[in-house]
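Fold and geometry: a report
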Amino acid sequence: MSVRSGRAEVLLIEDSAGDALLTGQIVAESSVPIRLVIARDGVQALGMLDDPAFQPALIILDLNIPLISGHAILERNPRKEIPVVIFSVSSDERDVRLALALGAREYVQKPMNLEAYKEAVLGIIEKWVSPENNGAEGAAAH
């Protein structure tokens, strides 16, 4: 896990400016110190993951992103050792199965309710980044 000044880095791959801003605000309130790094599309995300100096503790990935889809990111991800949690509005069972088959550790559907969204983001951070858990292994889809 990369920890710079006591903060774990988390890569959020999200094209929605609103969702990225909201996630950033939620993460700032988390009890786990996080440095959120945002990629707005699949090309930018893969470029960041190709840099060996970039060592995120977690990748939070939206499936519906421009240029390269979330499923293609999972397939082409050069950093299979970094846990990837899908955070998507899609409730399609095929999306869930494919994402988990391609290496995602967990699939969390984005809630439309603000409070539930906050709880979902904090749950992901606490489960995968918090030092006590040190990245839970083998998590299932919600």
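Figured I'd write up the structure that's included with this text. (Residues numbered from 1 in each chain as written. Predicted model: local features only at pLDDT ≥ 70, side-chain atom pairs only at ≥ 80, totals over all residues. Heavy atoms only, no water.)

This paragraph deals with the packing of helix 1 (residues 17-29) against helix 5 (residues 114-128). Two numbers describe how helix 1 lies on helix 5: the axes approach to 10 Å, and their chain directions differ by 60 degrees. With respect to helix 5, the axis of helix 1 lies oblique. Every pair of crossing elements has a handedness; the one defined by helix 1 and helix 5 is right-handed. Mapping the contact onto sequence places Asp-19, Leu-22, Thr-23, Ile-26, Val-27 and Glu-29 in helix 1 and Leu-114, Tyr-117, Lys-118, Val-121, Leu-122 and Ile-125 in helix 5. The residue makeup of the contact of helix 1 with helix 5, split by class, is eight nonpolar, one polar and three charged. (Axes fitted to C-alpha atoms, helices over the stretch in contact; angles between N-to-C directions. Helix = DSSP H or I, 4+ residues; strand = E, 2+ residues; numbered from the N terminus. Parallel < 35°, antiparallel > 145°, perpendicular 65-115°, else oblique. Left-handed = near helix turned anticlockwise from the far one by under 90°. Contact = heavy atoms within 4.5 Å. Nonpolar A, V, L, I, M, F, W, Y, C, P; charged D, E, K, R; others polar.)

Next up on the list: the nonpolar core. Ranked by internal contacts, the top residues of the largest apolar core, which has 24 residues, are Leu-11, Ile-13, Ile-59, Leu-61, Ile-73, Leu-74 and Ile-86. For this core, the secondary-structure elements that each account for two or more residues are strand 2 (7-13), strand 3 (34-39), helix 2 (42-49), strand 4 (58-61), helix 3 (70-76), strand 5 (84-88) and helix 4 (93-101). Excluding anything up to four places from it in sequence, Ile-59 contacts Leu-11, Ile-13, Leu-49, Asn-77, Ile-82, Pro-83, Val-84 and Val-85. (Core = buried A, V, L, I, M, F, W, Y, C linked by side-chain atoms within 4.5 Å. Buried < 20%, exposed > 50% of the residue type's maximum accessible area, 1.4 Å probe, protein only.)

A few words on helix 2. Those residues of helix 2 that fall on the buried side of the exposure criterion are Gly-42, Ala-45, Leu-46, Met-48 and Leu-49. Buried residues of helix 2, viewed axially, fall in a sector of 160 degrees; they line one side. Residues of helix 2 that are buried sit in contact with strand 2, strand 3, strand 4 and helix 3. The residue sitting at the N-terminus of helix 2 and contributing the capping side-chain oxygen is Asp-41; that oxygen lies 3.0 Å from the backbone nitrogen of Val-43. (Arc of directions from axis to C-beta. Polar contact = N/O pair within 3.5 Å; in protein donor to acceptor, adjacent residues only side chain to side chain.)

Within the secondary structure, Ser-90 is located in the loop between strand 5 and helix 4. The buried category is assigned to Ser-90, whose relative accessible area is 12%. Setting aside residues up to four positions removed in sequence, Ser-90 forms contacts with Asp-95, Tyr-107 and Gln-109.

For the coordinates displayed, the defined rule picks out eight salt bridges. Across the pair Lys-110 and Asp-19 runs a salt bridge, and its minimum N-O distance is 2.8 Å. Residue Lys-110 is found in the loop between strand 6 (106-109) and helix 5, and its partner Asp-19 is found in helix 1; the two are separated by 91 residues along the sequence. Lys-110 gets classed as buried once you look at its relative accessible area, which sits at 6%. (Salt bridge = Lys/Arg side-chain N within 4 Å of Asp/Glu carboxyl O.)

Let us look at the side chain of Thr-23. Looking at the secondary structure, you find Thr-23 in helix 1. Using a relative accessible area of 2% as the deciding quantity, one classes Thr-23 as buried. There is a polar contact of 2.7 Å between the side chain of Thr-23 and the backbone oxygen of Asp-19. Not counting residues up to four positions away in its chain, the partners in contact with Thr-23 are Leu-12, Leu-36, Tyr-117 and Val-121.

Sheet topology note: the strand 2/strand 3 ladder contains six bridges and is parallel. Looking across to strand 3, one finds that Glu-9 is bridged to Arg-35. The β-α-β motif built from strand 2, the intervening helix 1 and the parallel element strand 3 has right-handed crossover chirality. (Pairing = 2+ DSSP bridges. Right-handed = clockwise from strand over helix to strand, strands pointing away.)

Sheet topology places strand 5 next to strand 6; four bridges connect them, and they run parallel. Across the sheet, the residue bridging to Phe-87 is Val-108, located in strand 6. Regarding the hand of the β-α-β motif, the stretch spanning strand 5, helix 4 and strand 6 is right-handed.

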